[in-house]
Amino acid sequence: MGLLLLMAAVTATAQNVWKTDAVSVKASDKSVTVQLSLENADTITALQFDLVVPQGLTLDANSASLSDARKDGHTLSVKKQGDANIYRFLVHHADNKALKGNNGTLISLPVTIGEGFKSGTFAMSNVVMTNKKAESLSYSTQFGLISLLAKQKVVLSVSGLE
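Model, not experiment: these values are computed from the prediction.

Note: strand β4 (residues 46–52) against strand β11 (residues 123–130), six bridges, orientation antiparallel. Its bridge partner being in β11, L51 is matched across the sheet by M124.

See below:
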């Protein structure tokens, strides 16, 4: 029994969750900033991931930014990967310092809304997160839907006037 409990403790991993909230965008809006949050149970010193941006949205990679509340001298690098709507993100610190805090916005993602966009969600791939020992950390994602609010047609009927 003791060995079974020890094995369970050794194989248990902390949960690190990437999140975006659901965002509703007015049809008149040309852009929106989506907040990419990280709830991390582990201490994270560096990370890299590819972010797939929904069709019809364009990420302004040069304006993506790390949250002041979470960075501690960390740098953010964002580079578009080929012709696809995929961007590689790299967050690191030259002295291997850990990110501050364990929840809240990590990266602000300014996106432009293209003609014909209706809805979509972000997706992540090739995710690598490490701690001070360069151990790979597990993660999950919970990305909310980004949707365009349809213009409401107003119909005004007047009756009963004679």
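Pairing in this open sheet of four strands is antiparallel, and the strands run β7-β8-β4-β11 from one edge to the other. Each edge of the open sheet is held by one strand with a lone partner, namely β7 (75–80) and β11. In this sheet, neighbouring strand axes are inclined to one another by 10° on average, regardless of whether the strands run parallel or antiparallel.

Below, the discussion takes up the environment of S67. Along the polypeptide, S67 turns up in the loop between β6 (65–66) and β7. On the basis of relative accessible area, S67 is assigned to the buried category, the value being 17%. As a C-alpha pair, S67 and L106 span 39 residues in sequence and 5.2 Å in three-dimensional space. Excluding residues within four positions of it along the chain, S67 makes contact with T105 and L106. For S67, the side chain forms a polar contact with the main-chain nitrogen of A69, separated by 3.2 Å.

Before going further, it helps to spend a moment on the pattern of salt bridges. Tallied over the entire structure, the rule returns three salt bridges. Close ionic contact of K19 with E39 constitutes a salt bridge, the shortest N to O distance being 3.1 Å. Of the two residues, K19 is situated in strand β1 (residues 16–20) and E39 in strand β3 (residues 31–40); the sequence distance between them amounts to 20 residues. Look at K19 and you get partly exposed, because its relative accessible area is 23%. Take E39: its relative accessible area is 35%, and that puts it in the partly exposed class.

If you look at the biggest cluster of nonpolar residues, it comprises 35 residues, and the most contacted ones within it are W18, L47, F49, F89, I107, L109 and F122. Put simply, the parts of the chain that give this core at least two residues each are β2 (23–25), β3, β4, β5 (57–59), β8 (86–92), β9 (105–113) and β11. The biggest single contributor to this core is β9, with five residues. Once you skip the residues sitting within four places of it in the chain, F122 turns out to touch T20, V34, L51, V52, V53, P54, L109, V111, F143 and I146.

Rules behind the numbers
- Numbers given to residues run from 1 along each chain, matching the order in which its sequence is written.
- Note on the predicted model: pLDDT of at least 70 is required for a residue's local features to be given, and 80 or more for side-chain atom pairs to be given and counted; whole-chain, interface and lining totals, by contrast, use all residues.
- Note that water and hydrogens are dropped before the side-chain values are worked out from all heavy atoms of the structure.
- When DSSP finds at least two bridges between two strands, those strands are taken to pair.
- In DSSP terms, a helix is any run of H or I states spanning at least four residues, a strand is any run of E spanning at least two, and both are numbered starting from the N terminus.
- Fitted lines through C-alpha atoms give the axes, limited to the stretch in contact for helices. The angle between two N-to-C directions lies from 0 to 180 degrees.
- Per-residue accessibility, obtained with a 1.4 Å probe over protein chains only, is compared with the maximum for each type, and a residue is labelled buried under 20%, exposed over 50%, and partly exposed between these values.
- By definition, residues are in contact when any of their heavy atoms lie within 4.5 Å.
- Polar contacts here mean pairs of N or O atoms no more than 3.5 Å apart (in protein, one a potential hydrogen donor and the other a potential acceptor; neighbouring residues in sequence count only if both atoms are side-chain atoms).
- Salt bridges are defined by distance alone: a side-chain nitrogen of Lys or Arg within 4 Å of a carboxyl oxygen of Asp or Glu.
- Here the nonpolar core consists of buried residues drawn from Ala, Val, Leu, Ile, Met, Phe, Trp, Tyr and Cys, with membership extended through side-chain atoms lying within 4.5 Å.

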